[in-house]
Amino acid sequence: MPISAPAFLRRLPLAWALILLSLLLVCGAALPTAAQAQLQLKLGGAAAQGPSDTVVTPRVRAQLVALAPEGIAPGRPLALGLRIEHQPDWHTYWKNAGDSGLPTQLAWQLPAGLQAGEIAWPVPQQIRVGDMLNYGYEGTVLLPVPLQVAPDFAPSSDGGVDIRLHASWLVCRVECIPEEGDFLLRLPASAPQTLWSAAFEAAHAKAPLALDTAQASASAPDGGERLQLRVAGLPQAAHGQTLALYPETADTLVHAAVLGQDWHQRWDGAVWTADVPLSPMRGAAPPQLPLVLGLPATGTDVAHAPPAQSWRVQATVQQPWQAAQLASVSPALAAALAASQQQAAATLPAPPAPSASAATWLLAVLGGLVGGLLLNLMPCVFPVLAIKVMGFARHGADTSAQRRHGLAYAAGVVLSFLALGGVLLGLRAAGEQLGWGFQLQSPAVVAALAALFTLIGLNLAGVFEFGHVLPSRVANLHARHPLGDAFLSGVVAVAIASPCTAPFMGASLGFAVGLPAVQALSVFAALGVGMALPYVLVSWVPALLRWLPRPGAWMDTFRRAMAFPMFATVVWLVWVIGQQTGIDGAATLLALLLCLAALAWTLTLRGRTRAVLALLVLALAGWLAHSLGRNLLEPAPVATATSAHDTWQPWSPDAQAALLAAGRPVFVDYTAAWCVTCQVNKRTTLADAEVLADFARRNVALLRADWTRRDPAITQALAALGRNGVPVYVLLAPGQPPVVLTELLSRQEVHAALAQL
C-alpha cells in the first residue's frame with residue numbers, strides 16, 4: 001500500500017492553478033488598458049467605447065480640432081487640424097522629414113459635400129541627431145487642413161456632422177516609435193466652433209508665405225555635385241540676414257550640411273545666394289525645386305525653435321544635375337534574373353498560400369522538440385523542476401498513479417503551448433508585431449505573475465494553508481479530479497517557462513510564424529511535447545525514481561526550502577517591472593504584494609479579528625491601487641546611451657545601417673529584462689573582459705536591442721533573422737551574411753565568430 005503524502009501536497013497544485021486562472025482573467029481584462037498606455041497603436045487607437053477626438057500615448061497627446069466661426073454650411077470657412085502635444089525631447093516630422101523619419105499622414109472620412117485639402121505645414125525646427133539632420137516639431141504643433149463645403153452639403157438628420165480621421169505618425173527621441181490612432185469629432189452644423197481659433201491663427205502664422213513674385217533659380221554647373229541658388233524678391237526684413245534653408249523634397253540636398261563648412265550663403269545686394277551640396281541619393285532634376293527660407297527669431301536659432309518668419313519659393317532649375325548612379329546589378333545578370341523569373345512563372349503555378357516543404361517543416365518540428373527538451377535546462381524553469389520533484393514524491397510507489405499524472409501533466413503542457421501559439425498567430429494575423437514572450441511585455445501580466453509566486457512562496461513557507469482559506473468544496477476538488485490537478489500543474493509550468501528561449505527553439509519559432517496555421521501549431525505542439533517528455537519518461541520508468549526517498553518528514557523541510565526560489569522569482573519579476581515602468585512602478589508593485597501577503601495572513605485568523613483585519617487590508621490595497629496603480633501601466637522613459645564612448649549603444653535600424661555603411665562590424669544583443677537567459681548571458685559572456693577586448697580590437701560596434709516593452713522595429717528585425725523570441729545574438733559585417741549565435745552564449749563561440757571577420 002503506497003504511503004500517503006501530506007495534505008498540503010494534495011491540494012497545492014490545484015490551488016495554484018485556480019489562482020493562476022483567476023489572475024489570467026484579471027490580466028485579460030487589464031491587458032488592453034496596458035497596451036493602450038504603452039503603444040496606442042492598432043489596439044490603442046480607440047477605447048472600448050469607440051474612437052473619440054483624442055488619442056493619448058506615453059509620448060504624445062493627439063487631438064482632432066475644428067475651426068468653423070460661422071458654423072458648417074456652403075460658402076463658410078471651415079478648417080480641421082491635428083493638434084499634437086509632445087512629451088519633452090520627443091518630436092514628429094515635417095512634410096520632408098530630412099535624413100530620417102516619416103511625415104505625419106492624415107486619412108479623412110468625411111460626410112458627402114466636404115472635401116479636405118492638403119496640410120498647411122508650419123515651418124519646423126531643424127533637429128540634429130549625430131551626423132543627421134531632421135525637420136520636425138517639438139512641444140505643441142497644430143497641423144491645419146482647409147476644407148471645402150460643397151453647395152449640396154447637408155448635415156445629418158439630427159443637425160450634426162461626424163468627422164472621422166485615421167492618423168499615423170512617427171515619434172522619435174533617439175529611438176523611433178510608429179503610432180497611429182482613430183479620431184471622431186461630432187460637430188453641430190449650426191453652431192460656431194471657435195475654441196481653437198487662436199491655435200489655428202498661430203499655425204497659419206508659422207506656415208511659410210508663398211512669394212509668387214520672387215525670382216528664384218537653381219543651377220548645377222556641368223551637372224556637378226553642388227547646387228547654386230539665387231533668390232530675388234525676398235522681403236526687406238530678410239535682407240542681410242542669415243537664413244535657414246528647408247528643401248521640401250527629400251533626397252535632393254545634403255540636409256546635414258553645416259553652414260560655413262559644407263555650404264555657404266551671402267547677399268548680393270537684394271539677392272540671396274547659396275552654394276549647397278547635392279545629395280548622393282538624388283534623383284533626376286525636376287523643372288521646379290520648392291524651397292522654404294526661414295528667418296530665425298532674434299537671439300535664437302532654428303535648431304531650438306522654428307523660424308519667426310518664413311517664405312516659400314519655387315526655384316527654376318536652369319542647369320539640371322545628373323541623377324546619382326546608385327548600385328545596381330549588371331545588365332547581363334538582370335536579363336538572366338528576368339528570364340529565370342519568366343520561366344518559373346510559366347512552369348510553376350502559384351500556390352494559394354505559402355507552405356513549407358515536408359522536409360523543412362519536419363526539420364522545424366524536430367527543432368521544436370529538441371528546443372522543448374532543452375527548455376527544461378533554462379534558468380526560468382528551475383521552479384518547475386522543484387514542483388515536479390514534490391509531485392513525484394507525493395505518489396510514492398504508486399506506479400499507476402505516476403503514469404496517469406505524467407500523461408495529464410503532458411496534456412496540460414502541450415495544450416498550453418498550443419493556446420499561446422494560437423494567440424500569438426492570431427494577433428500577428430491582425431497586424432500586431434509580436435513574438436515569443438509577448439505576454440511579459442505587459443506590466444499587468446508581470447504583476448499578476450508576481451502575485452501568483454508570492455502566494456505560492458507564502459504557502460510553501462507555511463504562512464497559510466489553502467485548505468484554511470479556500471472553501472472546503474474547492475480545497476477538496478483534488479480528491480475528486482486528480483487528473484485535472486495534474487493537467488493544471490502543466491498549465492502553471494508553461495506560464496512559468498514561457499519567458500525562456502532554448503537552443504533550437506528560436507529558429508523553430510521564427511520559422512513557425514511564417515507557416516500556415518496548422519503547420520505552425522504543430523511546431524508549438526512539438527515544443528510542448530519536448531518540455532513534457534522528461535516527466536512522462538520518469539513517470540513511466542520506475543527505475544528513474546529510485547533516487548527519491550520515500551515520503552516522510554523530509555518533505556515538509558523540502559517544501560519550506562522551495563519557498564525561497566519562489567521569492568527569488570518575485571524579486572526578478574519586480575526588477576522586470578522596474579525596467580518597464582521605472583522605480584515608481586516597482587515600488588507600487590512591492591506595496592501591493594505586501595498587502596497581498598498581509599491578506600493571506602489575516603485569512604488564517606479566526607472570528608471577528610479575521611473579518612476586520614481582512615477588510616482593513618483590502619481597503620488599503622484598494623486605495624493603493626487607485627492612487628498608484630497607473631505607475632504599473634505607464635512605461636518609464638527609455639534609457640539611452642549618455643556618451644558615444646559607452647560600450648553598448650541603443651539599437652535602432654538607422655544606427656545599425658549607419659555603422660555598416662561606415663564599414664564597421666556590428667554585434668547586436670536582442671534582449672529583454674524578463675528573459676532570464678538574456679540576463680545570464682549579459683552578466684557572464686557579454687561582460688567578460690577578454691570578450692569585450694576582442695570586440696574593441698576588431699572595432700566592432702556593440703548595439704543592444706531591448707525588447708522588454710513592445711517594439712515593432714525589433715520584432716521586424718528578429719523576423720528578418722528568422723527568429724521570434726529572445727535572446728538572439730547576431731554579428732554583422734559589411735558585405736557578409738549575418739552570423740546568428742546560439743542562445744546559450746559562450747566566450748569560445750564569440751571569439752570564433754570574431755575570428756571570421
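Here, every reference points to the structure presented above.
Attention in this report is confined to the structure presented alongside it. Keep in mind that what you see is a predicted model, and the values were worked out from it rather than measured.

## A short note on unusual backbone geometry
Thinking step 1. Positioned with a positive phi, Asp251 is a non-glycine residue whose angle comes to about 55°.
Thinking step 2. Here Asp251 shows up in the loop between β15 (244–247) and β16 (264–268).

## Overview of the sheet that holds strand β11 (residues 176–188)
Thinking step 1. Read across the sheet, 3 strands follow the order β5-β10-β11 without closing on themselves; strand pairing throughout is antiparallel. One side of each edge strand has no neighbouring strand; the edge strands of this open sheet are β5 (105–109) and β11. Each strand of the sheet is rotated relative to its neighbour by a mean of 15°, with strand direction disregarded.

## What to know about the environment of Pro443
Thinking step 1. The topology assignment puts Pro443 in helix α7 (residues 443–460).
Thinking step 2. Judged by its relative accessible area of 3%, Pro443 falls in the buried class.
Thinking step 3. Pro443 sits 136 residues away from Gln579 along the chain, and the two C-alpha atoms are 9.9 Å apart.

## Comments concerning the pairing of strand β10 (residues 160–172)
Thinking step 1. With 5 bridges joining them, β5 and β10 adopt antiparallel strand pairing. Looking at the pairing, Trp108 lines up with Leu165 of β10.
Thinking step 2. Of the strand pairs in this sheet, β10 and β11 are connected by 13 bridges, and their pairing is antiparallel. Opposite Leu170, over in β11, you have Pro178 as the bridge partner.

## With respect to the pattern of salt bridges
Thinking step 1. Scanning the model with the defined rule gives 12 salt bridges in all.
Thinking step 2. A salt bridge links Asp694 to Arg697; its shortest N-O distance comes to 3.2 Å. Of this pair, Asp694 and Arg697 both sit in helix α20 (residues 689–697), 3 residues apart, which is roughly one turn of that helix.
Thinking step 3. Assessed through its relative accessible area of 59%, Arg697 is described here as exposed.
Thinking step 4. Taken together, the shared-partner salt bridges in this structure form one network comprising Arg61, Arg83 and Glu85.

## Structural notes on helix α15 (residues 563–581)
Thinking step 1. Taking 1.5 Å as the rise per residue, α15 with 19 residues should run 27 Å; its terminal C-alpha atoms sit 27 Å apart, in good agreement.
Thinking step 2. Residues Ala563, Met566, Thr569, Val570, Trp572, Leu573, Val574, Val576, Ile577, Gln580 and Thr581 constitute the buried set of α15.
Thinking step 3. Following α15 by one or two positions, Gly582 has its phi on the positive side, about 95°.

## A few points about a nonpolar patch on the surface
Thinking step 1. A contiguous nonpolar patch, built from Leu373, Leu533 and Leu537 and spanning about 210 Å² of accessible area, is present on the exposed surface.
Thinking step 2. Along the polypeptide, Leu537 turns up in helix α13 (residues 517–540).
Thinking step 3. The exposure class assigned to Leu537 is partly exposed, which follows from its relative accessible area of 43%.

## Remarks on the state of the cysteines
Thinking step 1. One pass over the structure, following the stated rule, counts 1 disulfide.
Thinking step 2. Two residues, Cys172 and Cys176, share a disulfide whose sulfurs are 2.0 Å apart. Its torsion about the S-S bond being 115°, the disulfide of Cys172 and Cys176 is classed as right-handed.

## As for α13
Thinking step 1. Between its first and last C-alpha atoms α13 spans 33 Å; for 24 residues at 1.5 Å apiece the expected length is 34 Å, and the two agree.
Thinking step 2. The sharpest bend along α13 comes to roughly 40°, located at Ala532, with the proline Pro534 sitting one to four residues further on.

## Focus on the packing of α20 against helix α22 (residues 747–755)
Thinking step 1. Relative orientation of the contacting elements α20 and α22 amounts to 10°, with a least axis distance of 10 Å. As far as their axial angle goes, α22 and α20 are roughly parallel. Contacts from Glu690, Val691, Asp694 and Phe695 in α20 reach Arg747, Val750, His751 and Leu754 in α22.

Rules used throughout
- Residues numbered from 1 in each chain as written.
- Predicted model: local features only at pLDDT ≥ 70, side-chain atom pairs only at ≥ 80, totals over all residues.
- Heavy atoms only, no water.
- Helix = DSSP H or I, 4+ residues; strand = E, 2+ residues; numbered from the N terminus.
- Pairing = 2+ DSSP bridges.
- Axes fitted to C-alpha atoms, helices over the stretch in contact; angles between N-to-C directions.
- Buried < 20%, exposed > 50% of the residue type's maximum accessible area, 1.4 Å probe, protein only.
- Salt bridge = Lys/Arg side-chain N within 4 Å of Asp/Glu carboxyl O.
- Expected span 1.5 Å × (residues − 1).
- Patch = residues over 30% accessible without salt bridge, like charges linked within 9 Å, V, L, I, M, F, W, Y side chains within 5 Å.
- Areas by Shrake-Rupley, 256 points an atom, 1.4 Å probe, with all protein chains shown as cover.
- Disulfide = S-S within 2.5 Å.
- Bend = angle between axes of the 7 residues up to and from the residue.
- Parallel < 35°, antiparallel > 145°, perpendicular 65-115°, else oblique.
- Contact = heavy atoms within 4.5 Å.

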